[in-house]
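The residues making up each chain are set out below.
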Amino acid sequence: MMTKLPVGVLISGRGSNMAALVEACEAPEFPAKVVCVVANRPDAKGLDYARAKGIPAVLIDHKAYGSKAEFETAMTAALEANGVGFVCLAGFMRILSPQFIEHWRDRLINIHPSLLPSYPGLHTHERALADGVKLAGCTVHFVRAEMDVGPIVAQAAVPVLTGDTPDDLAARILTAEHKLYPACLSMIAKGTAKVADEQVEIAAEAVEAAARLYSAGV
Ligand code: GAR
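Quick caveat, the model's predicted, so the values are computed rather than measured.

*Asks:* Mind showing me how you'd approach the packing of helix 1 (residues 16-25) against helix 6 (residues 166-190) here?
*Replies:* The description of two packed helices rests on the angle between their axes and on the distance between the axes. Helix 6 packs onto helix 1 with a crossing angle of 45 degrees between their chain directions and a minimal axis gap of 9 Å. By the angle between their directions, the pair helix 1 and helix 6 is classed as oblique. The two elements helix 1 and helix 6 cross, and the hand of that crossing is right-handed. Contacts between helix 1 and helix 6 involve S16, N17, A20, L21, A24 and C25 from the former and L174, E177, H178, Y181, P182 and L185 from the latter. Across the contact of helix 1 with helix 6, the residue classes tally to eight nonpolar, three polar and one charged.

Pasting the structure below:
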């Protein structure tokens, strides 16, 4: 039996990327499995989805803690109690401290709805439309202390079409996210994508498959 990488997913809301990861992990040959979902908001819809799938789903409400350090200690404790060895941020909307990030160094990735380093932070789609760019997309990257910065695992591009609203663009990018995130997790879990000198090195046998991801949204 293959040993699967035990993954925890942190969410703040809808959780569609978390669901895409869970569904990919259901394939017997997928090298990772989601063993825990943590949400920082009681109204995070993704908690219901995870529970319906029988995955331990924990609410750790940041408002219930006196400090960020206590909140993050509770998250790490919940993740580790469930055997998590690798963490995926999936629409998790709290800024994490350097201490948390260091604890999970090179075991913590994020998905962001832009082609980083363009458009870090919030309102990415509005900003891309205001600039008139013709390509947008999403990025999966290892997390570092600076927001939306860190070694890039892979990116997927989608076209920006005349007349797009921010919601149109967000929806097109989200479709790409749902393909990109599981593919990145798979490469990391197999060991074909690794951090080396603060870049992600893709093993020779995975280079072509990784390149195909660039148009995952088309
Ligand atoms: C996704 O588009 C994700 O890339 C974005 O929030 C959305 C969450 O959707 N994340 C960020 O903006 C992080 N800075 P989901 O809850 O349905 O996965």
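Read on, since the account is not over.
*Asks:* Looking at this model, I keep getting lost on the site of the ligand. Mind explaining?
*Replies:* Around the ligand, the structure places R14, G15, S16, N17, G91, M93, I111, H112, P113, L174 and E177. Coverage of the ligand by the protein chains reaches 86% of its 450 Å² of free accessible surface. Going through the elements one at a time, helix 1, strand 5 (108-112) and helix 6 are the ones with two or more residues in the shell around the ligand. By residue class, the composition of the shell around the ligand is four nonpolar, five polar and two charged.

*Asks:* Can you help me understand the side chain of H125 in this one?
*Replies:* Structurally, the position occupied by H125 is in helix 5 (residues 124-131). Since its relative accessible area comes to 12%, H125 is described here as buried. Non-local contacts of H125, meaning those with residues more than four positions away in its chain, are made with P113, P166, L169, A170 and I173.

*Asks:* Help me understand the nonpolar core, please; the structure alone is not making it clear to me.
*Replies:* Inside soluble globular proteins, nonpolar side chains tend to come together where they are buried. If you look at the biggest cluster of nonpolar residues, it comprises 49 residues, and the most contacted ones within it are V9, C88, V153 and L185. Ranked by residue count, the leading element in this core is helix 6, at nine residues.

*Asks:* Explain the state of the cysteines to me, please; I cannot follow it from the model alone.
*Replies:* Simply put, the disulfide is a covalent bond whose two ends are the sulfur atoms of two cysteines. Counted under the stated rule, the structure contains zero disulfides. Residue C25 stays outside any disulfide, its sulfur separated by 8.0 Å from that of C88, the closest cysteine. We classify C25 as buried; its relative accessible area is 9%.

*Asks:* Looking at this model, I keep getting lost on the pairing of strand 5. Mind explaining?
*Replies:* Remark: a regular strand shows side chains that alternate across the two faces of the sheet. Here strand 5 lies mainly inside the structure; five of its five residues are buried. Of the two faces of strand 5, the one carrying L108, N110 and H112 and the one carrying I109 and I111 are both buried. Sheet topology note: the strand 4 (residues 86-89)/strand 5 ladder contains three bridges and is parallel. Across the sheet, the residue bridging to C88 is I109, located in strand 5.

Rules and cut-offs
Residues numbered from 1 in each chain as written. Predicted model: local features only at pLDDT ≥ 70, side-chain atom pairs only at ≥ 80, totals over all residues. Heavy atoms only, no water. Axes fitted to C-alpha atoms, helices over the stretch in contact; angles between N-to-C directions. Helix = DSSP H or I, 4+ residues; strand = E, 2+ residues; numbered from the N terminus. Parallel < 35°, antiparallel > 145°, perpendicular 65-115°, else oblique. Left-handed = near helix turned anticlockwise from the far one by under 90°. Contact = heavy atoms within 4.5 Å. Nonpolar A, V, L, I, M, F, W, Y, C, P; charged D, E, K, R; others polar. Near = heavy atom within 4 Å. Areas by Shrake-Rupley, 256 points an atom, 1.4 Å probe, with all protein chains shown as cover. Buried < 20%, exposed > 50% of the residue type's maximum accessible area, 1.4 Å probe, protein only. Core = buried A, V, L, I, M, F, W, Y, C linked by side-chain atoms within 4.5 Å. Disulfide = S-S within 2.5 Å. Pairing = 2+ DSSP bridges.

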